[in-house]
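Overview (structure and organization)
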Amino acid sequence: MASQQFLETQCHEFDAYLNFDEYGLKPYYGLTTFRKEHDWVNNGKPSTTFEFDGREWAAVLDYDDQPILPWSDPSYTLETAYLYRVYVVCMDETYDEKSADTSQRVKGGTFTVYPRWPDMKKRDDETGEISKVNGYMDLGRPYLTVRAQASNIDFAKYVDLTAEAFAAFDVPRRYFSNPHESSTVNDTAVYVRPKRDVSGPIYAADGPIARIHQLLESDRSGYRKHVEDNRERPGDQVTTMVDSERAAKLIRGHKIGKEVKHYYMRNPDNYNPDQFGWHPKLEVSFQTSITDETIYWDREDALDIEQCRRELEEMLMNVLDWAGLDVTGGDEYHEDAYFDPERRKRRSLKLVDCPLPEIESEQENAVMRLWGDMNGSDREVTELLLTDGGEISPKDAAEKTGYSYRTIRRVVDRLEDFVRHTYGKLEVESDSLPRRCSSASYRPRSSSDGRSERRPCRSPKTRLDSRAGRSIGSSGRMRSAFARQTAEAESSSRSGTHQPTEMRPSRSPARRSPVTSNSTMMNSVSAVSGSNSSMPTDRPNGSISRTSSNCRRLA
C-alpha cells in the first residue's frame, strides 16, 4: 500500500486496564507506606507537581474503601485492601488553576489502582455474606491493575505517564514500565475540528454519517444506531454506530465497532468564528460493547491499541474524504489547544471508494423536472443551499456565487416554492426538495513539499451549466448529483431524443460522488438490525492515490 501525507488526528478519550505483574504487590505496598506517613488531617490530600513530555503536571493522591477482603496469604500483612487514585492534569493553557482532583482536567485524567491476587473474596456490606470476586483476570499470582482514564494525551504515552504519576508519590517508575499482555482497552477516540462553514456535508441528511446508518439496511442481524439532534443548531450532535460486522463492510479488514460523531461543545455560540469553540468536532471512537473481539494494550496475536488507532484514523479520513474535505488538513479546519490542522504525517492509511447507498426521495422525479427548468443562477443558488448543510444569508449567497444581491433576490422570488427566506436567512424547504448533492471528485497530486494537493475534475458532464461553462459555487468543490443527468438530458434534447417528463439516469461508467445535503431540523434515534451489501473495493494495485472520490450508486 502506498503512503501519502495525512492530517494528524488528535487523541481524545481513553480508558484502559493496565495490568502490572512483574513486581507483584510492591508498588501497592509503596503507596500504602506513603499514605500512612502523610498527615491527612492537617495537610489534606497529598499534592505535588512533576515534569512530563516537556510540560509541568499537577497531581493529587487519594484512596477509598472497597468491599475486598485482605488477601489470606501470609505474605500480605495489611489489614485493608484500599484502592488508590492519582489525579493528574497538564498545567498548559487549558489548565483551570484548580487542584488536580477538582480540575476539569482537559488534558489529564485519573489512574486508579486495584490490588489483585488469586481467589479474591468480597464481603457484602449489608448481609456480611462472603463471595468470590468476579470479572477480574486471575493470573495465579498477585499483581496490580491500573485503570487509566484520561483525554487529549497520545495513546502511546500512557504507560510512561502512569510511571511518572506514581513516581511523584515515591513509587519507583520501574514498577509501571511493562504492562502484562492481558491489559485491555475499553475506550479510545480520535478527532479533527473542521470549520463550521464546511462541515455541513458531513452531517447532512444524506451525508456520510446518515448514510453509514443506511448501509446494509436489509440485514436483520447485528447492531446499528443513528442519532440526530439539531434542535440547538444544524449538526449539533449527529452520530452513527456500526458494529464489527458492518465495520468490515465499510472498510475491508476492519474489525472494531465504532461511533462516528459530529458535535459541538456546550454553548458554541458564546465563541467567535475565529475561536476554536465556534467550530465542531468530527470524532471516531472505539465502542467495546459492539466489538466482537477484545482490544489489548500490546499483543502480537490479537487486536491491540496500535491496530485500534489505525482503524479509527482510517475511518475518520474516509468520512472526511467521502464528504469532500481535504484529508491533508489546511484551511478547512480550525486549530485548538491540541489539534493542529497544519500537522501532517506520511502514513499508509487505506482510502476506499464510498460504499454508502444513496438516500432516495419520493419527490425525485418532480425535482428533476424542476431542475431542468432552472436557469444558471437558479441552479447555482440552489446548489449552494444544498451543499451548505445549514442556512446562509442572501448577502453571503451573493458573495459565494458571484451574483449580485439583486440577482439573488430575484432567484429567491422565482424559487419561492422550495426556497424559504426568513429573518435574513435562505434555506431549502425540507418538504419540497430532496437533499441530494454529490462531492466533486479530486485527484491528489504531489507538490514541491511532498504534500498531496486536490483539484476538481472539471469534466463538462459534471458541470451544472455546461453551456455557460460555469462550475458550481465559489469553491468548485461541491456539485449536484443532478449535474450529469441534467447535462445529458440537455444534450439529448438538442439531438431530439430528450423526454421532457423524466430524467434518464446516466450510463456513464464513472462512479458517482458521495451524496451530501442540507440537514433537516430533526431529532431521530433508531437502533436497527442491519443489512447486506457488496464489499467496497480498495484502490487498484493497493494504491491510495485517487482519480476520484466518487461513490458508486448501489441498486
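Reading the values: rules and limits
Residues numbered from 1 in each chain as written. Predicted model: local features only at pLDDT ≥ 70, side-chain atom pairs only at ≥ 80, totals over all residues. Heavy atoms only, no water. Helix = DSSP H or I, 4+ residues; strand = E, 2+ residues; numbered from the N terminus. Buried < 20%, exposed > 50% of the residue type's maximum accessible area, 1.4 Å probe, protein only. Contact = heavy atoms within 4.5 Å. Areas by Shrake-Rupley, 256 points an atom, 1.4 Å probe, with all protein chains shown as cover. Polar contact = N/O pair within 3.5 Å; in protein donor to acceptor, adjacent residues only side chain to side chain. Salt bridge = Lys/Arg side-chain N within 4 Å of Asp/Glu carboxyl O. Phe/Tyr/Trp six-rings, centres within 6.5 Å; stacked < 30°, edge-to-face > 60°. pLDDT = per-residue confidence, 0-100. Patch = residues over 30% accessible without salt bridge, like charges linked within 9 Å, V, L, I, M, F, W, Y side chains within 5 Å. Lys, Arg positive; Asp, Glu negative; His and termini not counted. Charge placed at Lys NZ, Arg CZ, Asp CG, Glu CD. Expected span 1.5 Å × (residues − 1). Arc of directions from axis to C-beta.

1. Concerning the overall build of the protein chain
Along the backbone of the protein chain there are 12 helices and 23 strands. Burial statistics for the protein chain: of 555 residues in total, 55% are counted as buried. In the protein chain, the proportion of contacts linking residues at least 24 apart, taken out of those at least 6 apart, comes to 73%. Carbon and sulfur atoms make up 42% of the accessible area of the protein chain, which totals about 25000 Å².

2. Thoughts on the side chain of Q5
With respect to the helices, strands and loops of the structure, Q5 is situated in strand β1 (residues 4–7). Here K345 takes part through its backbone nitrogen, which lies 3.5 Å from a polar atom of the side chain of Q5.

3. With respect to the pattern of salt bridges
Applying the stated criterion across every chain, the model contains 24 salt bridges. A salt bridge links D101 to K45; the shortest N-O distance between them is 3.0 Å. Here K45 lies in the loop between α2 (40–43) and β3 (47–52) and D101 lies in the loop between β5 (83–90) and β6 (108–116), a separation of 56 residues in the sequence. The class of D101 is buried, set by a relative accessible area of 19%. For K45, a relative accessible area of 37% corresponds to the partly exposed category. For K258, the salt bridge identified is with E311, shortest N-O distance 2.9 Å. Note that K258 is positioned in strand β13 (residues 258–263) and E311 in helix α7 (residues 305–322), a separation of 53 residues in sequence. Here the salt bridges share partners, and the residues they tie into one network are D154, R309, E313 and R347.

4. Overview of helix α3 (residues 158–167)
Here α3 lies mainly inside the structure; nine of its 10 residues are buried. Burial in α3 covers these residues: Y158, V159, L161, T162, A163, E164, A165, F166 and A167.

5. Description of the environment of I256
Secondary-structure assignment places I256 in the loop between α6 (244–250) and β13. Taking the C-alpha atoms as reference points, I256 and S285, 29 residues apart in sequence, are found 9.6 Å from one another. Sequence-distant contacts of I256, that is, excluding residues within four places in its chain, are made with S244, A247, F286, T291, I295, L303, Q307, C308 and E311.

6. Looking at the packing of aromatic side chains
Counting across every chain of the model gives 19 aromatic pairs. Summarising the aromatic geometry, the rings of W40 and Y63 are spaced 5.0 Å apart at their centres and angled 80° between planes, so their arrangement reads as edge-to-face. Pair noted here: W40 is in helix α2 and Y63 is in strand β4 (residues 55–64), with a separation of 23 residues, a long-range link. Judged by relative accessible area, which is 29%, Y63 ranks as partly exposed. Where Y191 meets F339, the ring centres are 6.2 Å apart and the plane angle is 45°; that geometry is what we call tilted. Of the two residues, Y191 sits in strand β10 (residues 184–192) while F339 sits in the loop between α7 and β15 (344–347), which places them 148 residues apart along the sequence. Comparing Y191 with F339, the two get one shared label, buried.

7. Comments concerning unusual backbone geometry
In the Ramachandran plot, R105 falls in the positive-phi region, its phi being about 50° despite a non-glycine side chain. Take R105: it is sitting in the loop between β5 and β6. R105 sits in the buried class, given a relative accessible area of 18%. Residue N267 is not a glycine yet carries a positive backbone phi of 55°. Considering the arrangement of structural elements, one finds N267 in the loop between β13 and β14 (281–286).

8. Focus on the environment of I305
The residue I305 is located in helix α7 in this model. Residues I305 and V185, 120 residues apart in the sequence, show an inter-C-alpha distance of 7.1 Å. The residues contacting I305, other than those within four sequence positions of it, are F14, F155, V185, T188, I295, Y296 and W297.

9. Digging into the confidence of the model for the protein chain
Caution applies to low-pLDDT parts of the model: their predicted coordinates are not meant to be read in detail. Residues of the protein chain with pLDDT of at least 70 account for 71%, and the chain-wide mean is 78. Per-residue pLDDT stays below 50 along residues 430–555; that stretch engages in 367 contacts with residues further than four places along the chain or on separate chains.

10. Examining the environment of K261
Its place among the elements puts K261 in strand β13. With 22 residues separating them in the primary sequence, K261 and E283 have C-alpha atoms 5.2 Å apart. Among residues more than four places away in sequence, those in contact with K261 are I209, V238, T239, K281, L282 and E283.

11. Structural notes on a negative patch on the surface
A cluster of acidic side chains, namely D65, D124, D125, E126 and E129, defines a negative patch on the protein surface. The residue D124 is located in the loop between β7 (121–123) and β8 (130–132) in this model. Judged by relative accessible area, D124 falls into the partly exposed class, the value being 37%.

12. Quick word on helix α1 (residues 26–37)
The α-helix advances 3.6 residues per turn, and as a result positions three or four apart in sequence lie on the same side. With 12 residues, α1 should reach 16 Å at 1.5 Å per residue; the first-to-last C-alpha distance of 17 Å fits that figure. Among the residues of α1, those classed as buried are P27, Y28, L31, T32, F34 and R35. One side of α1 holds all its buried residues, which, seen down the axis, span an arc of 160°. Counted as exposed and oriented over 90 degrees from the buried face of α1: K36 and E37. Looking at the buried positions of α1, the neighbouring elements they touch are α2, β4, β5, β6, β9 (143–151) and α3.

13. Points about the side chain of R193
Here R193 is to be found in the loop between β10 and α4 (200–203). You can call R193 buried: its relative accessible area is 4%. A polar side-chain atom of R193 sits 2.9 Å from the main-chain carbonyl oxygen of H279. Discounting residues that sit within four places of it in the chain, R193 has contacts with F276, H279, P280, K281, Y333, H334, D336 and F339.

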